[in-house]
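Remarks on the overall topology
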Amino acid sequence: MLLLQNVSKEYHLDEDIVFKALQNINIEIEEGEFASIMGPSGSGKSTLMHLIGLLDKPSRGKIVIEGKDVSLLNDDQLSTLRNEFVGFIFQQFNLVNKLNVMENILLPFVYARKKLDYNPEKHAVYLMERFGIINKKNTYPNKLSGGQQQRVAIARALIMKPRLVLADEPTGNLDSKTGQEILNLLKELNKEKITIVIVTHDKNVAAITRKQIKIYDGKLV
Amino acid sequence: MKNYFSFTLKTALDDFSHNKGRTFLTSLGILIGVLSVILLTAFGLGLKKYIKQQFEGLGTNLIMVMPGKGISGGPRGMASSVGGISFDERDLISLKRIKNASYIVPFFIKFANIKAPKKTEYVEMAGSNADVFPVLNLSIEYGQAFKKSDAEQGRKKIVLGPGIAKKLFGSAQESLYQDVKVGEQNYQVIGITKAKGGGGLGAPSIDDHVYLPYKSLASYNDSKKFFAFYLKTDEDKNIQLVKDEVTKILGRRYKTDEFSVGEQTDILNTVNSIFGALNFVLVGIAAISLLVGGIGIMNIMYVAVSERIREIGIRRALGARKNDILLHFLMEAVILSSMGGIFGLLMAFVVVFFIQNLFPAYIDLVSVLMAIGVSSGIGIIFGVFPAKKAADLSPIDAIRYE
């Protein structure tokens, strides 16, 4: 489903100082995989996640999603792919404070170009019920606990029924109990054939995944 | 699509309500601009309408013959200011030969004191003949107009405008058949004209005029000179014909640049073009404030973009395209400026409503559409650069922005 071939990412910090964030990364993620990308901070795992999430482009190498080389796509096509193919879960939750829970969950649908074969409002209600936040439907994010916010973020990531869910340190801002609940949730989702990739520095988090990709200093180990 | 706009609108309005003071001040620039443009336009329109009404009161088939070249204003008040030739009874007799003119009226204009037993007023007197009433579209409310014979014999009869009648005697009815003194001569009030209104703008009201047979004014006008002639044609279409004839007849005695033959529409057009130009300049100056308001919007939109870089990043991550972000901020800018525009328009309506008694200003549909169109246009023009900046942010930089 997802293939990274010899992917490198470099940043030009100054005229002659080049920071190699990623070097020759080769990763293959199968449909329905439950994977983690683990490494300490500064190892390049976030850069890797941004590349997989189509937020950034590699300096060299190829990223292939369902047989398509994404480097050939233009900005609009990448946006559409992010909208339909990927669901993001962030450490900072990244909800829009001006929108209530229901609206936050529906936000990706606002930018959808394809006709959905389901009712997104109904699907949002289903997700809220499932994640135990239905009574917060009209609440604004700043009135929610961290765990509740992350549940909203997961519901938002799922509203477009994506094939891939990318979670960047999903438990990083949560206490251990809440963090565990969130991880269990992701585990459950994976059982429903959703491919999940968790980016983390935490061994315990990585331990629950089937496939563990370790990264150090921009290289796979 | 419905969702798309309601979401964008909601986030925009929400942003405004979180920054009430900022939103208010930003829209205020546009508000002031729209208010001043609309008000000045309303004054211009009101003035134009007022002048038109004044002219139409005299009828459209009216021809005015005056000394000099100037056709800009009636005979009133011009008597002393225009030099050159003055017409006399010989001209009147020759003009009477014109076939298609149903009325020909000479005017001798004089400002003088008119004395009632209890009061004296300084008025504009029109010495003319009996046809002055149909020519000026004046009807008689009380009593009657002086007759042809009165005019020819120079009888001391006077018709008062209702305004001056009220000033002299307390009411129009009471003045009827009373005696007034014009200079050393006693006149009998035989009629009072129906009120026509007008005046205001500092001009004397036509209701304050008095009419007397020109032949009765020998003490003022011994040689029977006239300042102007008014002719009324029997049909509108004969206007040019009669004008040509007047020019031909008077041309035998005077040089063609010593007198002018004009009609209502000439004067109306002249006046309109003068006021039109003046108004255009004023509205142009007021439009500068719209420009300043637009710059204010641009400034605040840049601030809004830099405050919301992270939000832009989130939206991009969730699938928003560059154009979605562009449209989002453009909509906010347009809402901001059209809010100013709409409130400016409402305030203009309020101002016009309250000054209507003093000044006949009015707001037409074109102004309303212009206010809304121009203020939205300003939003688009000045919003597009900040919106472009937002759209061009790279998703990765935006979402990592702290």
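Summarised in this report is the structure supplied together with it.

Remarks on the overall build of chain B
A tally of helices and strands in chain B yields 13 helices and twelve strands. At 32 Å, chain B has a C-alpha radius of gyration far larger than the 21 Å of a compact globule built from 402 residues. By its C-alpha atoms, chain B is 100 × 50 × 35 Å across when sized along the principal axes. Counting only residues that meet the buried cut, chain B has 41% of its 402 residues in that class. Within chain B, residue pairs in contact and separated by at least 24 positions form 82% of the contacts whose partners lie at least 6 positions apart.

Things to note about the overall build of chain A
Regarding its fold elements, chain A presents seven helices and ten strands. For chain A, the C-alpha radius of gyration of 17 Å lies close to 17 Å, the compact-globule estimate for 221 residues. Overall, the C-alpha framework of chain A stretches about 55 × 40 × 35 Å when taken along its three principal axes. Pairs at least 24 residues apart make up 71% of the contacts formed inside chain A by residues separated by at least 6 positions.

Quick word on the sheet that holds strand S6 (residues 86-89) of chain A
Residues and elements named next belong to chain A. Within the open sheet, the six strands sit side by side as S6-S7-S8-S3-S9-S10. Their pairing is mixed. Looking at which strands have only one partner, the edges of the open sheet turn out to be S6 and strand S10 (219-220). Contacting S6 and strand S7 (164-168), helix H5 (residues 146-158) runs over the sheet at an angle of about 170° to S6.

So, the sheet that holds strand S4 (residues 60-65) of chain A
Residues and elements named next belong to chain A. Spatially, four strands are ordered S2-S1-S4-S5 in an open sheet, and the strand pairing comes out antiparallel. The open sheet has two free edges, formed respectively by strand S2 (18-29) and strand S5 (68-69), since each of these has just one partner strand. As paired elements, strand S1 (residues 2-12) and S2 share eight bridges and run antiparallel to each other. Across the sheet, the residue bridging to glutamate 10 is lysine 20, located in S2.

A few points about unusual backbone geometry
Of all residues except glycine, most have a negative phi; of all peptide bonds, most are trans. You will see that Phe93(A), though not glycine, has its phi angle at about 65°, which is positive. By C-beta crowding, Phe93(A) is classed as buried, having 22 other C-beta atoms within 10 Å.

Describing the environment of Lys203(A)
Residue and element names in this part refer to chain A. Of note, lysine 203 is situated in helix H7 (residues 203-207). Of the residues examined, lysine 203 has 11 C-beta atoms within 10 Å and is grouped as exposed. C-alpha of lysine 203 to C-alpha of serine 36: the two residues are 167 residues apart in sequence and 9.8 Å apart in space.

What counts and how
- Residues numbered from 1 in each chain as written.
- Chains lettered and ligands numbered in written order.
- Predicted model: local features only at pLDDT ≥ 70, side-chain atom pairs only at ≥ 80, totals over all residues.
- Helix = DSSP H or I, 4+ residues; strand = E, 2+ residues; numbered from the N terminus.
- Rg over C-alpha atoms; globule rule 2.2 N^0.38 Å.
- Buried ≥ 20, exposed ≤ 12 C-beta atoms within 10 Å, placed from the backbone.
- Contact = placed C-beta atoms within 7 Å.
- Pairing = 2+ DSSP bridges.
- Axes fitted to C-alpha atoms, helices over the stretch in contact; angles between N-to-C directions.

Coordinates in, geometry out; function isn't part of it.
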